[in-house]
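# Residue-level structure breakdown
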Amino acid sequence: MDENKKIDYEEISKLVSFLEEKQLTEFELEVEGFKIKISRAVPQPVPQIKPASPNPGTQAEKAQPQAPAAPPVSQAPEEFHYITSPMVGTFYRAPNPTSPSFVEIGEEVKKGQTLCIIEAMKLMNEIESDVDGVVLEIYVENGKPVEYGQRLFAVQALAA
Amino acid sequence: MFSKILIANRGEIALRVIRAARELGLNTVAVYSESDRNSLHTILADEKVCIGPSRAADSYLNIPNILGAAEQTKAEAIHPGYGFLAENPRFAEICESSGIIFIGPQPAMIKLMGNKSLARQEMRKSHLYILPGSNEVVQDLPEAKKIAKKMGYPVILKAAAGGGGKGMRIARTRAQLEEQFGLAQNEAKASFSDASLYVEKYLDNSRHIEIQVVGDKHGNVVALGERECSIQRKHQKIIEESPSPFVDDRLRKRMIKAAEDAARRIGYQSLGTFEFLVDGQERYYFMEANTRVQVEHPVTEMVYGVDLVKEQIRIAAGEKLSIKDDIGMIGHCLECRINAEDPVTFSPSPGTIDFMLLPGGHGIRVDSAAYQGWQIPPDYDSLVAKIIALAPTRPEAIRKMQTALEMTTIVGIKTNLPLHLAILADSDFAKGSYDTQFMERFQQKNGNNHK
């Protein structure tokens, strides 16, 4: 069991990245009585995430202050599905200030799942995803005003 | 005074309000639909908020989004311009209850004046003459025929929820009434989703003359001299002028006093217009009151040397009326409405303005939101520019307007510039002998009898 400590979170995530990089679906490693098996389900369109947005987290942070409405990557915009604001209001990522956000970048969402709340005229309007997919970008900071048609999320749609 | 106002409108009137606000030192917020992204009001305001797609019902009439935009930008007041939500009492009420000042009269006043039969009753109490007509909405043709028979033909059918000339039809005989009633109902239904009609006595050879009133929240009311608006086609005004060639000093004083007394009696607290029909015997009949800034307000501004929109904003902020009761007219003013439309068939002509040269010079004012390269969206009204000419006398004002229009070039869209030049050159127009049927005669005379 001591060997267990040899492998830590960082190493596992490195292995996962390696897996993704090589577009492998399964990986098995056995070292001195320690065995790890990582596998990932690959729905058809998912590998395309890679070229479109290799590192969504950092990219969103960079893009936000300058041009919140600009498309993040020009290479393959047709693969992005944008969730835009249907009204003028205030954007909230969580149902209340103490609860966790509805979604984070990289999370899978289902059609009809609540992505955020837009408060307009004291009413909380839940904005739902209209596709199954993976959240690639969140364009607006929590608590900021949004206008009609403004991009809120980019979602990589998954083939049904 | 406010520090920031939102303008819930588009086009030249939004720009007119932005200019007035900026002159008063206020910040401005434009709201715009997706098809007005490149429109001048969107570009020239200090802030802008997109409130919906092209369709007016989803954007410029979208009350939640407009109020949301006011809330987000912390605008303290909303100027509604004309059209859209300008005479919607519910909007004024919601503004009030949201703590935002509606730049216009009290919601109850808008409601009162929007109800034609109540407005008529109220004005009768204020000793204004009213044309005979149905006191309530007329539901069906037999009822309309009964009323028409009682007061005598010709009669005019008006949409109860109407405005802007839509749903108005004239019937000179019983047969015409039978024919027009259904059409007017359909038009009213299509334009205002309300088929209710009124029947009123129609006056032949009458003029459409209106009086500007301004009241503040301290009980002060002043009325300014007339705007002559008889040059209209299908109840759409084309050329307005002030003073009216038909109104002498005596009649003007009577009409001003009548409107001022009525406005004071009902406690009117903003900019408003009392529309009258004036017959050949100088009798004037109240038609309706518009509780907003009018398209043709510049002619009054020019002849009196006042700024009505700034006054309207100041009054909404609680300031006292600054326009004095004893100011006089300083000349003669004409306004031509240049529309993006075919000058012969009158069908709208949206498109891109490839080249544009607007007139200028001494005594010329242009209120327009058009610019070279701008694509006029097909979703809204066709007004491209209001060209306004001020000169000491009427003949000089006409000559000045002709010169201005001759030096105006708009390429890429069709405009009614040729129509304006033809009207200005008409001998009856030059003599000032015209009434509300001028355009029908003019079109017959000039051979293009299009409907």
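Source: prediction; values computed, not measured. (Residues numbered from 1 in each chain as written. Chains lettered and ligands numbered in written order. Predicted model: local features only at pLDDT ≥ 70, side-chain atom pairs only at ≥ 80, totals over all residues. Heavy atoms only, no water.)

## Describing the overall build of chain B
Stated precisely, the cut-off is as follows: Numbering goes from the N terminus for both helices and strands, where a helix is a DSSP run of H or I of at least four residues and a strand is a run of E of at least two. Here the globule rule reads 2.2 Å times residues to the power 0.38, and the radius of gyration is calculated from C-alpha atoms. Residue contacts follow a heavy-atom distance rule, with two residues in contact if any of their heavy atoms lie within 4.5 Å. Per-residue and other accessible areas were derived by the Shrake-Rupley procedure at a 1.4 Å probe size, with only the shown protein chains allowed to occlude residues. In this count, Lys and Arg are taken as positive residues and Asp and Glu as negative ones, while His and the chain termini are left out. Every charge is mapped to an atom, namely NZ of Lys, CZ of Arg, CG of Asp or CD of Glu.
The helix and strand tally for chain B stands at 15 helices and 20 strands. In terms of overall dimensions, chain B is globule-like: its C-alpha atoms have a radius of gyration of 21 Å, near the 22 Å expected for 451 residues. Viewed in the frame of its principal axes, chain B has a C-alpha envelope of about 55 × 50 × 45 Å. Within chain B, contacts between residues at least 6 apart in sequence are counted, and of these 65% link residues at least 24 apart. Total accessible area on chain B stands at roughly 17900 Å², and carbon and sulfur atoms take up 50% of it. For chain B, the centre of its 56 positive side-chain charges and the centre of its 56 negative side-chain charges are spaced 3 Å apart.

## Considering the sheet that holds strand β6 (residues 114-120) of chain A
In plain terms, the rule: Pairing between strands is defined by DSSP: at least two bridges between the two strands are required.
The four strands are arranged β7-β6-β4-β9 (chain A) in an open sheet whose pairing can be described as antiparallel. The outermost strands of the open sheet, each flanked by one partner alone, are β7 (123-128) and β9 (145-146) of chain A.

## Here's the deal with a nonpolar patch on the surface
All names here are of chain B. Basically, it comes down to this: Surface patches are defined over residues having more than 30% relative accessible area and no salt bridge, joining like charges when they lie within 9 Å and nonpolar side chains (Val, Leu, Ile, Met, Phe, Trp, Tyr) when within 5 Å. Put simply, a salt bridge is a Lys or Arg side-chain nitrogen that is within 4 Å of an Asp or Glu carboxyl oxygen. Each residue gets one of three labels from its accessible area relative to the maximum for its type: buried under 20%, exposed over 50%, partly exposed in between, using a 1.4 Å probe on protein chains only.
Together, F355, L357 and V411 make up an exposed nonpolar region whose accessible area comes to about 240 Å². Relative to the assigned elements, V411 resides in strand β20 (residues 409-411). A relative accessible area of 39% places V411 in the partly exposed class.

## Some details on helix α7 (residues 141-151) of chain B
One turn of the α-helix equals 3.6 residues, which is why residues spaced by three or four share an orientation. All names here are of chain B. As a reminder of what qualifies: By definition, the arc is the one covered by directions from the helix axis to the C-beta atoms. For this analysis, a polar contact is any N or O atom pair within 3.5 Å, provided that within protein one partner can donate a hydrogen and the other can accept it, and provided that sequence-adjacent residues contribute only side-chain to side-chain pairs.
What α7 keeps buried is the set A144, A148 and M151. The arc enclosing the buried residues of α7, seen along the axis, measures out at 75 degrees, which places them on a common side. Exposed residues pointing more than 90 degrees away from the buried face of α7 are listed as P142, K146, K149 and K150. On its buried face, α7 sits against β6 (155-159), α8 (174-192) and β8 (197-201). The N-cap residue of α7 is D140: its side-chain oxygen and the backbone nitrogen of E143 are 3.2 Å apart. Immediately beyond the C-terminal end of α7, within one or two residues, lies G152, with a positive phi of roughly 90 degrees.

## Observations regarding the interface of chain B and chain A
To be explicit about the condition: As a working definition, buried area equals the accessible area (1.4 Å probe) given up by two parts on being put together, with both sides summed.
Counting from both sides, the interface comprises 16 residues of chain B and, opposite them, 11 residues of chain A. For the chain B face of the interface with chain A, the top three residues by lost area are N65, E71 and Q72 of chain B, together amounting to 46%. Along the contact surface separating chain B from chain A lie five residue pairs in polar contact (both at pLDDT 80 or more). The set of elements that each furnish at least two residues to the side of chain B that touches chain A consists of β3 (47-52) and α3 (63-73) of chain B. Looking at the side of chain B that touches chain A, the element that brings in the most residues is α3 of chain B, giving seven residues.

## Quick notes on the confidence of the model for chain A
In low-pLDDT regions, the fine details of the predicted coordinates are not to be read closely. Residue and element names in this part refer to chain A. Operational definition: You can read pLDDT as the predictor saying how much it trusts each residue, on a scale of 0 to 100.
Here chain A averages 73 in pLDDT, and 51% of its residues register 70 or above. At the low end of the mean pLDDT range in chain A sits helix α2 (residues 49-52), at 36; at the high end sits strand β5 (residues 108-109), at 96. Throughout residues 43-77 the model reports pLDDT below 50, and contacts reaching past four residues in sequence, or to other chains, amount to 40 contacts.

## Brief notes about the nonpolar core
Residues and elements named next belong to chain B. Filter applied, for reference: What is meant by a nonpolar core is a set of buried Ala, Val, Leu, Ile, Met, Phe, Trp, Tyr and Cys residues, joined one to another through side-chain atoms within 4.5 Å.
In terms of nonpolar packing, the biggest core is built from 65 residues, with I5, M123, F274, F276 and I313 touching the most fellow members. Of the residues forming this core, the biggest block, eight residues, is contributed by helix α9 (residues 249-266). Contact partners of I5, with chain neighbours within four places excluded, come to V17, A21, L26, N27, T28, V29, A75, A77, I103 and I313.

## Section: the packing of α3 of chain B against helix α4 (residues 89-97) of chain B
All names here are of chain B. Filter applied, for reference: Axis lines are fitted to C-alpha atoms, over the contacting stretch for helices. Their N-to-C directions set the angle, which ranges from 0 to 180 degrees. Here a crossing is taken to be left-handed if its near helix is turned anticlockwise relative to the far helix by less than a right angle, and right-handed if that turn runs clockwise. Any residue that is not Ala, Val, Leu, Ile, Met, Phe, Trp, Tyr, Cys, Pro, Asp, Glu, Lys or Arg is counted as polar, Gly included; the first ten are nonpolar and the last four charged.
In the contact formed by α3 and α4, the axes pass within 11 Å of each other and the chain directions differ by 30 degrees. The interaxial crossing formed by α3 with α4 has right-handed handedness. For the pair α3 and α4, the contacting residues are I63, I66 and L67 in the first and R90, F91, I94 and C95 in the second. Looking at the contact of α3 with α4 residue by residue, the class counts come to six nonpolar, no polar and one charged.

## Remarks on the pairing of strand β12 (residues 271-278) of chain B
Residue and element names in this part refer to chain B. Burial analysis of β12 places eight of its eight residues in the buried class, which makes it a mostly covered element. The side-chain alternation of β12 yields two buried faces, one formed by L271, T273, E275 and L277 and the other by G272, F274, F276 and V278. As paired elements, strand β9 (residues 207-215) and β12 share eight bridges and run antiparallel to each other. Within β12, the residue paired with V214 across the bridge is L271. Sheet topology places β12 next to strand β13 (residues 284-290); six bridges connect them, and they run antiparallel. Counterpart to F274 in the pairing with β13 is A289. Counted between consecutive antiparallel strands, the loop separating β12 from β13 contains five residues, among which E282 sits at a positive phi close to 60 degrees.

## Describing the packing of aromatic side chains
Stated formally: Think of it this way: a Phe, Tyr or Trp ring, Trp meaning its six-membered ring, pairs with another when their centres are within 6.5 Å, and the plane angle makes it stacked under 30 degrees, edge-to-face over 60, tilted otherwise.
Enumeration over the complete set of coordinates arrives at 15 aromatic pairs over all chains. Taking the centre distance of 6.3 Å and the plane angle of 40 degrees together, the rings of Y82 of chain A and Y139 of chain A count as tilted. Of the two residues, Y82 of chain A is situated in strand β3 (residues 80-84) and Y139 of chain A in the loop between β8 (133-138) and β9; the sequence distance between them amounts to 57 residues. The same class applies to Y82 of chain A as to Y139 of chain A, namely buried. Centroid distance Y129 of chain B to Y284 of chain B: 5.9 Å. Interplanar angle 70 degrees. Geometry classified as edge-to-face. Highlighted residues: Y129 of chain B in the loop between α6 (116-125) and α7 and Y284 of chain B in strand β13, separated in sequence by 155 residues. Note on Y284 of chain B: relative accessible area 6%, which makes it buried. An aromatic cluster of three or more residues is present, and its members are Y129, F274, F276, Y284 and F286 of chain B.

## So, the pattern of salt bridges
Residue and element names in this part refer to chain B. One pass over the full model with this rule turns up 43 salt bridges over all chains. In this structure, R22 and D46 form a salt bridge, with 3.5 Å as the shortest nitrogen-oxygen distance. On the criterion of sequence distance, the pair formed by R22 in helix α1 (residues 11-23) and D46 in the loop between α2 (40-44) and β3 is long-range, its members being 24 residues apart. Judged by relative accessible area, D46 falls into the partly exposed class, the value being 39%. For D435, the salt bridge goes to R441, with nearest N and O atoms at 3.2 Å. A cluster of three or more residues bridged by salt bridges with shared partners is formed by E210, R227, K237, E240, E275, E296 and R337.

## Notes on the confidence of the model for chain B
Chain-level statistics for chain B give a pLDDT mean of 94 and a share of 98% at 70 or above. Two numbers describe this predicted complex: its pTM, 0.82, and its ipTM, 0.71.

## Some words on the sheet that holds β5 of chain A
What the four strands build is an open sheet, ordered β3-β10-β8-β5 (chain A); its pairing is antiparallel. Of all strands in the sheet, those bounded by a partner on one side alone are β3 and β5 of chain A.

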